[in-house]
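What follows is the residue order along each chain.
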Amino acid sequence: MNTQPKLTVVGAGPGDADLITLKAIKALESASVVLYDALVNSELLSYVHPMTELIFVGKRRGCYRYQQEQINELIVAKAHSHGHVVRLKGGDPFIFGRGAEEMEYAAKQGIEVAVVPGISSSLAVPAYQNIPLTKRGSAESFWVITGTTKQHQLSNDVALAAKSNATVVILMGMGKLPEIVSLFKQEEKGDLPVAIIQNGTTKHEKIGIGTVNSIEEVVQTNQLSNPAIIILGDVVNHRQQLLQIQQEIAFKEVV
């Protein structure tokens, strides 16, 4: 294997192993060391060479195996000792994935860096449930917002997004759901459709559909929790509209 120090930050996609890109697979096949996160589908590790070192650096049940500073240092150390390091991250590494920070740190140490974009869960998870983020007549734009900032507060952008007609997608926001609901109610959007999707694109996927007024009750009834994505907007209705069309066609065929 090539021992030239290099870091490739790779997006693993939203969960379904088939949604990884060919370029990402090629990076995994050429890696000397792979550092991977908790949300990465373990099936993807089958693309890694048997002699490649695998290091789990993710978070489970609120416990960090490695702090971010330790991950940065580990990337640099392994690049110098082994060569090509692949940092495998869920979704897209530049969408709330801290991939940019890791690349900057490695670059400052003189290590060659590259990124392989991944399919973001913010796009793919709603799509798997037939929820388009934009749709003519329903939404002309969309926001993708982190539910929890570095200071562990709800992003101020949520309040701004609640004032718009855009679809709003909130990642890592389940712990802030009451605050999110309150902001939308303040804008008199209690009837706005909401979908919450847990473990999207995987076999463990769960979904709850409601409105701003009802979604907290829906979450309790369906026992929804992290990792989950919150989608607020009229586009959520497309899922039911499509299902109704399919049912009507099926009924006509039976008759």
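Residues numbered from 1 in each chain as written. Predicted model: local features only at pLDDT ≥ 70, side-chain atom pairs only at ≥ 80, totals over all residues. Heavy atoms only, no water.

Undergrad: Outline the overall build of the protein chain, supporting the account with residue identities and numerical values.
TA: Each helix and strand counted, the protein chain has eight helices and twelve strands in total. Projected onto the principal axes, the alpha-carbon positions of the protein chain cover approximately 65 × 50 × 30 Å. In the protein chain, buried positions account for 46% of the 255 residues. A fraction of 66% describes how many contacts in the protein chain between residues 6 or more apart in sequence connect residues 24 or more apart. For the protein chain, the exposed surface amounts to about 13900 Å²; the carbon and sulfur share of it is 50%. Side chains of the protein chain carry 23 positive and 25 negative charges; the gap between the two charge centres is 4 Å. (Helix = DSSP H or I, 4+ residues; strand = E, 2+ residues; numbered from the N terminus. Buried < 20%, exposed > 50% of the residue type's maximum accessible area, 1.4 Å probe, protein only. Contact = heavy atoms within 4.5 Å. Areas by Shrake-Rupley, 256 points an atom, 1.4 Å probe, with all protein chains shown as cover. Lys, Arg positive; Asp, Glu negative; His and termini not counted. Charge placed at Lys NZ, Arg CZ, Asp CG, Glu CD.)

Undergrad: Any chance you could break down the packing of helix α2 (residues 68–82) against helix α3 (residues 99–108) for me, citing the residues and the numbers?
TA: The interhelical angle for the contact between α2 and α3, taken along N-to-C directions, is 45 degrees, at an axis separation of 9 Å. The angle between α2 and α3 falls in the class oblique. Crossing of α2 against α3: the hand is right-handed. Taking contact as the criterion, the partners of Q68, I71, N72, E73, I75 and V76 in α2 are, on α3, E101, E102, Y105 and A106. Among the residues forming the contact of α2 with α3, the class breakdown is five nonpolar, two polar and three charged. (Axes fitted to C-alpha atoms, helices over the stretch in contact; angles between N-to-C directions. Parallel < 35°, antiparallel > 145°, perpendicular 65-115°, else oblique. Left-handed = near helix turned anticlockwise from the far one by under 90°. Nonpolar A, V, L, I, M, F, W, Y, C, P; charged D, E, K, R; others polar.)

Undergrad: Kindly report on a nonpolar patch on the surface, identifying the contributing residues and their values.
TA: On the surface, I95, F96 and M172 cluster together into a nonpolar patch covering about 260 Å² of accessible area. The topology assignment puts I95 in the loop between β6 (84–89) and α3. (Patch = residues over 30% accessible without salt bridge, like charges linked within 9 Å, V, L, I, M, F, W, Y side chains within 5 Å. Salt bridge = Lys/Arg side-chain N within 4 Å of Asp/Glu carboxyl O.)

Undergrad: Outline the environment of K206, supporting the account with residue identities and numerical values.
TA: Here K206 lies in strand β11 (residues 206–211). Residues K206 and A228, 22 residues apart in the sequence, show an inter-C-alpha distance of 8.9 Å. Ignoring sequence-local partners within four residues, the contact set of K206 consists of I196, I197, Q198, N222, Q223 and L224.

Undergrad: Could you give an account of the sheet that holds strand β10 (residues 193–198), with specific residues and numbers?
TA: The five strands are arranged β8-β9-β12-β10-β11 in an open sheet whose pairing can be described as mixed. Each edge of the open sheet is held by one strand with a lone partner, namely β8 (142–146) and β11. Strand after strand, the sheet turns through a mean of 15 degrees between neighbouring axes, direction not considered. Relative to strand β9 (residues 167–171), β8 runs parallel, the two being bridged by five bridges. (Pairing = 2+ DSSP bridges.)

Undergrad: Give me the nonpolar core: which residues, what numbers.
TA: Core analysis: the biggest nonpolar cluster contains 23 residues, and I180, F184, I196, I215, I230 and L232 have the highest contact counts within it. Contributions of two or more residues to this core are made by α5 (157–162), β9, α6 (177–186), β10, α7 (215–222) and β12 (228–232). With four residues, α6 is the largest single contributor of residues to this core. Once residues lying within four places of it in the same chain are set aside, the contact partners of L232 are A166, T167, V168, I170, I180, F184, L192, P193, V194 and V212. (Core = buried A, V, L, I, M, F, W, Y, C linked by side-chain atoms within 4.5 Å.)

Undergrad: Describe helix α4 (residues 121–128), naming the residues involved and giving the relevant values.
TA: Along α4, the positions that sit buried rather than exposed are S122, A124, V125 and P126. Those residues of α4 that are buried are in contact with β8, β9, β10 and β12. Of the residues flanking the end of α4, it is N130, one or two places downstream, whose phi is positive at about 60 degrees.

Undergrad: Could you give an account of the sheet that holds strand β7 (residues 112–116), with specific residues and numbers?
TA: Spatially, the five strands line up as an open sheet ordered β3-β2-β6-β1-β7, and their pairing is parallel. The open sheet has two edge strands, β3 (53–56) and β7, and neither has a second partner. On average, adjacent strands in this sheet sit at an angle of 20 degrees to one another, irrespective of strand direction. Where strand β2 (residues 33–36) lies against β3, four bridges are found, and the strand directions are parallel. The residue of β3 that forms the bridge with V33 is E53. Running at roughly 135 degrees to β6, helix α1 (residues 22–30) makes contact with β1 (6–11), β2, β6 and β7 of the sheet. The strands touched by α2 are β1, β2, β3 and β6; relative to β6, the strand with the most contacts, the crossing angle is about 145 degrees.

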